[in-house]
Amino acid sequence: MTQDSSHQHAATLILLGATGDLSQRMLLPSLFALHAENLLPGDFRLIGVARTDMDDKGFRKLAGDAVTQHLLRDRQNAARLAAFQECLHYRRADLDDGECLKPVRALVGDAAKNGIGVFLSIAPTLFVKAIAALSQADMAGEHVRVAVEKPLGEDLASSKVIDDTIASLFPEARTFRFDHYLGKETVQNLLVLRFGNMLFEPLWRSQYIDHIEITVAETVGLEGRADYFDSTGTLRDMVQNHMLQLLALVAMEPPNHYDADAIRDEKVQVLRALRGFTAKTAKTHSVLGQYGPGAIANSRVPGYTEDLGKPSQTETFVALKAYLDNWRWQGVPFYLRTGKRLAQWRTEVAIQFKPVPHSMFAGRGGKLEANRLSLRLQPEEDVRLSVMGKVPGLDREGIQLESVNLDLSLATAFGNHRRRIAYERLLLDFLEGDPALFVRRDEVEAQWAFIDTVRKSWKEAGMMPQIYDAGSCGPDASFGQKDVKNCLDD
Ligand code: BG6
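Rules used throughout
Residues numbered from 1 in each chain as written. Predicted model: local features only at pLDDT ≥ 70, side-chain atom pairs only at ≥ 80, totals over all residues. Heavy atoms only, no water. Near = heavy atom within 4 Å. Polar contact = N/O pair within 3.5 Å; in protein donor to acceptor, adjacent residues only side chain to side chain. Areas by Shrake-Rupley, 256 points an atom, 1.4 Å probe, with all protein chains shown as cover. Helix = DSSP H or I, 4+ residues; strand = E, 2+ residues; numbered from the N terminus. Nonpolar A, V, L, I, M, F, W, Y, C, P; charged D, E, K, R; others polar. Salt bridge = Lys/Arg side-chain N within 4 Å of Asp/Glu carboxyl O. Buried < 20%, exposed > 50% of the residue type's maximum accessible area, 1.4 Å probe, protein only. pLDDT = per-residue confidence, 0-100. Contact = heavy atoms within 4.5 Å. Pairing = 2+ DSSP bridges. Axes fitted to C-alpha atoms, helices over the stretch in contact; angles between N-to-C directions. Right-handed = clockwise from strand over helix to strand, strands pointing away.

## Thoughts on the site of the ligand
Here is step 1 of the chain: Taken together, K150, H180, Y181, K184, E218, R225, D237, M238, H242, K340 and Q378 make up all the residues around the ligand.
Here is step 2 of the chain: Here an oxygen atom of the ligand and a side-chain polar atom of H180 are 2.7 Å apart.
Here is step 3 of the chain: E218 is positioned such that a nitrogen or oxygen atom in its side chain is 2.6 Å from an oxygen atom of the ligand.
Here is step 4 of the chain: Summarising the interface, the protein chains cover 83% of the accessible area of the ligand, which totals 400 Å² for the free molecule.
Here is step 5 of the chain: For the shell around the ligand, the element with the highest residue contribution is helix α8 (residues 226-251), accounting for three residues.
Here is step 6 of the chain: For the shell around the ligand, a count of residues per class yields two nonpolar, three polar and six charged.

Next comes the structure, spelled out in structure tokens:
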């Protein structure tokens, strides 16, 4: 992405919550990968901060283990890892002590003038204290920017409190909200596909599109995050952020430029056009489920409450039929569907076009299927367009037509480019100060405003999660109910 001159690189990254799960699974391996490719500034330093008692040596070991465990083997390199570890430091801090970040500031020293990025990889309940401690340690100002990641609140009201807290020290231009889906290559490719080709955009509207499906099906369960997940649920864990961001990118009007404001201005328009749910539409336009015991890849897995160790009404599956009240998308359903412990791991955005207005082949027995464009994000990255073709033959018994795929496998087309962790891209953009792939406050608020209507509608309609077998395609209701399309059944 082009850099505008207002972007200043941050040479120092301060990672609060450096010993946590996100840090070990994603942030440290991504930073190593960037460092190994010389993409970080020459004077890059990472200062890990957490409550655990540890010294630099201990943190270097923790980071080394994290890289070894979580980065693909072919990206590991002992010499480069040692060089990366040299850039790592650690300071213990207890945020109950307002002065706790002063030693961190002392360690940064003169390098502060080369920019500081602060990543708050801590619970939002600690943000007030973290912001106060940053202020006390004189780490705010023009040269400091901050990164945060969900969960940013549990509803619109609490998200505003969190954002106000951050905004008390960091203006919006220096606040970077991570949604790791925006760091995924196929998500960015959606923009290129839509706005870099003449083929699709003229058809990208209610006249020609029947419906859009956004599916994030996972086979994983709780993955050791029981407390967080049980108090959050799938609607807030997945739909509020990743899925609505995908929806915004699919549905937005063409931005004038590839820059942060132009893109985010268009996304927020879409998010504000989401039609709120009511108790009546909740019953026909939504399904929520919770996985029971079952089997994944032929191995028995326990149900959610067994995983959790206590009874719970938290949903692990959500299907919604959503609408946008705007000119382009009037009447086009957006089927959002996501769940844990489903039959397959599959993340996909599918655009289902309408049938042709008249089939000239009908009288000769030819059956047409409407075109479908699928963008697969996971497990493979590919773009597939189904088009009708004629089955070769002499057609004595009628014309035989078949839907065939025009495939673009990104792995094959761009085979010499490695597939990266989404955080690599986002961490680099954060350190370079490019906000285009980060979520702006008004987007988050529009997302919450919609999600709040869904939660309220479930409550008013008395809807509870229906149990589905782990390893299945979700609750039976999501098959039977024609309004909530099952996206795993094609
Ligand atoms: C996270 C959610 O944001 O995204 C997890 O908290 C979910 O529950 C994960 O498993 C999915 O991300 P990805 O990149 O594996 O599709």
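## Let's talk about the pattern of salt bridges
Here is step 1 of the chain: Counted according to the given criterion, the structure contains 35 salt bridges.
Here is step 2 of the chain: Measuring nitrogen to oxygen at the nearest pair gives 3.0 Å for the salt bridge that ties D237 to K150. Taken together, the residues D237 in helix α8 and K150 in the loop between β5 (144-149) and α6 (156-167) connect sequence positions 87 residues apart.
Here is step 3 of the chain: A residue is classified by how much of its surface remains accessible, and D237, at 2% relative accessible area, is buried.

## Brief notes about the confidence of the model for the protein chain
Here is step 1 of the chain: When pLDDT is averaged along the protein chain, the result is 93, and 96% of the positions lie at 70 or above.
Here is step 2 of the chain: Within the model, the stretch residues 1-6 combines pLDDT values under 50 with nine contacts to residues more than four positions away or in other chains.

## Describing the environment of L247
Here is step 1 of the chain: Following the sequence through the fold, L247 ends up in helix α8.
Here is step 2 of the chain: Residue L247 is classed as buried on the basis of its relative accessible area of 0%.
Here is step 3 of the chain: Separated by 33 residues in the primary sequence, L247 and I214 have C-alpha atoms spaced 7.5 Å apart.
Here is step 4 of the chain: Aside from chain neighbours lying at most four places away, what touches L247 is I214, V270, L274, L324, F334 and L336.

## Quick word on the sheet that holds strand β6 (residues 175-178)
Here is step 1 of the chain: Taken together, six strands build an open sheet; the order of strands is β3-β2-β1-β4-β5-β6 and the sheet is parallel. Where the open sheet ends on each side, the last strands, each with one partner, are β3 (88-92) and β6. The average angle at which neighbouring strand axes cross in this sheet is 20°, direction not considered.
Here is step 2 of the chain: As judged from the five bridges shared by strand β2 (residues 45-50) and β3, these two strands associate in the parallel manner. Among the inter-strand pairings, I47 is bridged to a residue of β3, identified as H89.

## With respect to the pairing of strand β4 (residues 116-120)
Here is step 1 of the chain: Burial analysis of β4 places five of its five residues in the buried class, which makes it a mostly covered element.
Here is step 2 of the chain: Across the two faces of β4 the burial is the same, with I116, V118 and L120 and G117 and F119 all buried.
Here is step 3 of the chain: In the sheet, strand β1 (residues 12-16) pairs with β4 via five bridges, with the strands oriented parallel. Bridge assignment links L15 to a residue of β4, and that residue is F119.
Here is step 4 of the chain: As paired elements, β4 and β5 share four bridges and run parallel to each other. The residue of β5 that forms the bridge with V118 is V146.
Here is step 5 of the chain: Once you follow β4 into helix α5 (residues 127-136) and on to β5, the crossover reads as right-handed.

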